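Spelled out from the first residue to the last, the chains are:
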Amino acid sequence: MDKLQIISNTETFVKTTLKNAEGGHDWFHILRVWNNSKLIAQQENVDLFIVELGALLHDIADSKFYNGDETIGPKIARDFLESQQIDTKIITHIENIISNISFKGGNFKQNFTSPELAVIQDADRLDAIGAVGIARCFNYGGFKNRPLYNPKIPPKLNQTKEEYKNSKAPTINHFYEKLLLLKDRMNTKTGKKIAEERHAYMEVFLQQFYDEWNGEK
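These numbers were taken from a predicted model, which means no experiment stands behind them.

Undergrad: Even after reading the chapter, I still don't get the environment of K156, so can you show me in this structure?
TA: Note that K156 resides in the loop between α7 (130–143) and α8 (161–166). With relative accessibility at 44%, the residue K156 sits in the partly exposed group. Put simply, K156 and Q208 are 52 residues apart on the chain and 22 Å apart in space, counted from C-alpha to C-alpha. Residues contacting K156, with those up to four places away along its chain left out, are E163 and E177.

Undergrad: Can you walk me through the nonpolar core in this structure?
TA: Among soluble globular proteins, nonpolar side chains are generally buried collectively. Counting residues in each nonpolar core, the largest one holds 55 residues, and the members touching the most others are V14, L53, L57, L81, I94 and F175. When residues of this core are assigned to their parent elements, the largest contribution, seven residues, is made by helix α3 (residues 48–57). Contacts of V14, omitting those with residues within four sequence positions, involve W27, I30, L56, L57 and I60.

Undergrad: When you look at the side chain of N173 in this model, what are you seeing that I'm missing?
TA: Relative to the helices and strands, N173 resides in helix α9 (residues 171–177). According to the relative accessible area criterion, N173 is buried, its value standing at 2%. For N173, the residues in contact, after removing those within four places along its chain, are I153, P154 and P155.

Undergrad: I would appreciate a short explanation of the confidence of the model for the protein chain in the present structure.
TA: Caution applies to low-pLDDT regions: their predicted coordinates should not be interpreted in detail. Confidence in the prediction of the protein chain, expressed as mean pLDDT, is 92, and 95% of residues score 70 or more. Within the protein chain, the element-level pLDDT minimum falls on α8, averaging 75, and the maximum on α3, averaging 98.

Undergrad: Mind showing me how you'd approach the pattern of salt bridges here?
TA: A pair can form between side chains of opposite charge whenever their charged atoms are brought close. Per the stated rule, a full pass over the model turns up seven salt bridges. Close ionic contact of E11 with K15 constitutes a salt bridge, the shortest N to O distance being 3.3 Å. Here the residue E11 and the residue K15 both occupy positions in helix α1 (residues 3–17), the gap between them amounting to four residues, near one helical turn. Residue classification places E11 among the partly exposed residues on the basis of a relative accessible area of 21%. A salt bridge links D127 to R136, with the shortest nitrogen-to-oxygen separation between them at 3.6 Å. Of the residues examined, R136 reaches a relative accessible area of 13% and is grouped as buried.

Reading guide: rules and limits
- Residues numbered from 1 in each chain as written.
- Predicted model: local features only at pLDDT ≥ 70, side-chain atom pairs only at ≥ 80, totals over all residues.
- Heavy atoms only, no water.
- Helix = DSSP H or I, 4+ residues; strand = E, 2+ residues; numbered from the N terminus.
- Buried < 20%, exposed > 50% of the residue type's maximum accessible area, 1.4 Å probe, protein only.
- Contact = heavy atoms within 4.5 Å.
- Core = buried A, V, L, I, M, F, W, Y, C linked by side-chain atoms within 4.5 Å.
- pLDDT = per-residue confidence, 0-100.
- Salt bridge = Lys/Arg side-chain N within 4 Å of Asp/Glu carboxyl O.

This is how it looks when you write it as structure tokens:
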């Protein structure tokens, strides 16, 4: 089976698997990350086949929707890739990408690195900031029935992985606990450039939010 056919099969598989997913982690999130990964990869020395497969499968079973179980995503990806008769080394690489791509509170030490992971991680993080990132953040907050904002509940920085995973804090707190931190955690030159613009947009949004909240505008 040629690579283009495998990519096409993977696209179909992901669309089907995520057809009922939460709006911030659905097929369109995957599509944006896939497109951004290809854009960033143009300036990086990477295996584009691995980048595309990793981007398409990176959120095939996000642990936050599976009671925190981080083993499901890599397993689903492996089972699918084996059905496509992919080389074992590539399958293991993609499993490692899926297992190490997430923010997880920011204090999570990656057990694996590769140029391909760096590209996909940047693409995934770009989708968490800027206008789309803001929309996804509030969509997920609504999905979890979290308050928009509570001035009496300050953001909790430097959370452990478990604290981050189990947080029920207001949605605005997530900007400080994750989204505003991503600009300085980008891996690639292209990712950093795009992140600067999206970060600035979030800062403007937050100022407007607080002005409206406090009746100043």
